[in-house]
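Structural description and commentary
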Amino acid sequence: FTTRSRWLASVILKQNSLQHQLNLIVRLTKACEICRYINNFSSLLMISSAIYCPQVYSLYSVLSQLPRETKLALRSLSQLMSPDNSYKRYFNALN
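Residues numbered from 1 in each chain as written. Predicted model: local features only at pLDDT ≥ 70, side-chain atom pairs only at ≥ 80, totals over all residues. Heavy atoms only, no water.

Before going further, it helps to examine the overall build of the chain. When helices and strands are counted, the chain shows seven helices and zero strands. When its helices and strands are written in sequence order, the chain yields α-α-α-α-α-α-α. Here the C-alpha atoms of the chain give a radius of gyration of 13 Å, agreeing with the 12 Å that 2.2 N^0.38 yields for 95 residues. When its C-alpha atoms are laid out on the principal axes, the chain stretches across 40 × 30 × 25 Å. (Helix = DSSP H or I, 4+ residues; strand = E, 2+ residues; numbered from the N terminus. Rg over C-alpha atoms; globule rule 2.2 N^0.38 Å.)

Below, the structure written as C-alpha cells:
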C-alpha cells in the first residue's frame, strides 16, 4: 500500500508541467470516485493518500486550479476515509 502510494505521488510530481499534474489529479479523483462506487476502499485510500501526501499537497499552484467539482469530490472522499470517530463514515459505507 505505502509503496504504491509513494510511487503514485512520484508520478504526479514527475509530470512535465503544472497542467499535466492538474490533469492527472483530476483523473485520479475520478478513479477514486469509481473505487468508491464499487466499494474498492483499499484502492481509494491508496490513491487519495498519494494526492494528500505532503509533497503533492504542497503544490498549491496546482491544487488551487482544480475544478470545483474535483475539489468537492476530494473533500468528500477525504471525509469518508477520515480516521475521526474510529473511521465511522468508512464503516457506515461498508454496510
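Ranked by size, the top nonpolar core spans 27 residues in total, and within it I12, I25, L28, L44, I47, I51 and L66 carry the most contacts. Breaking this core down by element, the ones donating at least two residues are α1 (2-13), α2 (18-37), α3 (41-51), α5 (60-63) and α6 (68-80). The greatest single-element share of this core, amounting to seven residues, is contributed by α2. Excluding anything up to four places from it in sequence, I51 contacts I12, I25, L28, T29, V56, Y57 and L74. (Core = buried A, V, L, I, M, F, W, Y, C linked by side-chain atoms within 4.5 Å. Buried < 20%, exposed > 50% of the residue type's maximum accessible area, 1.4 Å probe, protein only. Contact = heavy atoms within 4.5 Å.)

Next up on the list: the environment of A73. Considering the arrangement of structural elements, one finds A73 in helix α6. Note on A73: relative accessible area 9%, which makes it buried. Along the chain, A73 and Y87 lie 14 residues apart, while their C-alpha atoms are 18 Å from each other. Contacts of A73, omitting those with residues within four sequence positions, involve T29 and E33.

To continue, consider the packing of aromatic side chains. Taken as a whole, this structure holds three aromatic pairs when the rule is applied. Where Y52 meets Y57, the ring centres are 5.3 Å apart and the plane angle is 40°; that geometry is what we call tilted. Under the relative-accessibility criterion, Y57 is labelled partly exposed at 48%. A centroid spacing of 5.4 Å and a plane angle of 50° characterise the contact between Y90 and F91, whose relative ring orientation is tilted. Connected via pairs of aromatic rings, a cluster forms that spans F41, Y90 and F91. (Phe/Tyr/Trp six-rings, centres within 6.5 Å; stacked < 30°, edge-to-face > 60°.)

With respect to the helices and strands, the residue R6 is situated in helix α1. Taking relative accessible area as the criterion, R6 reaches 63% and is therefore assigned exposed. Note: C-alpha distance between R6 and K30 (24 residues apart in sequence) is 19 Å.

Here we take up the packing of α1 against α2. Between α1 and α2, the shortest axis-to-axis distance is 9 Å and the interhelical angle comes to 145°. For the pair formed by α1 and α2, the contact residues are L8, V11, I12 and L13 on the first element and Q21, L24, I25 and L28 on the second. Here the residues of the contact of α1 with α2 sort into seven nonpolar, one polar and no charged. (Axes fitted to C-alpha atoms, helices over the stretch in contact; angles between N-to-C directions. Nonpolar A, V, L, I, M, F, W, Y, C, P; charged D, E, K, R; others polar.)

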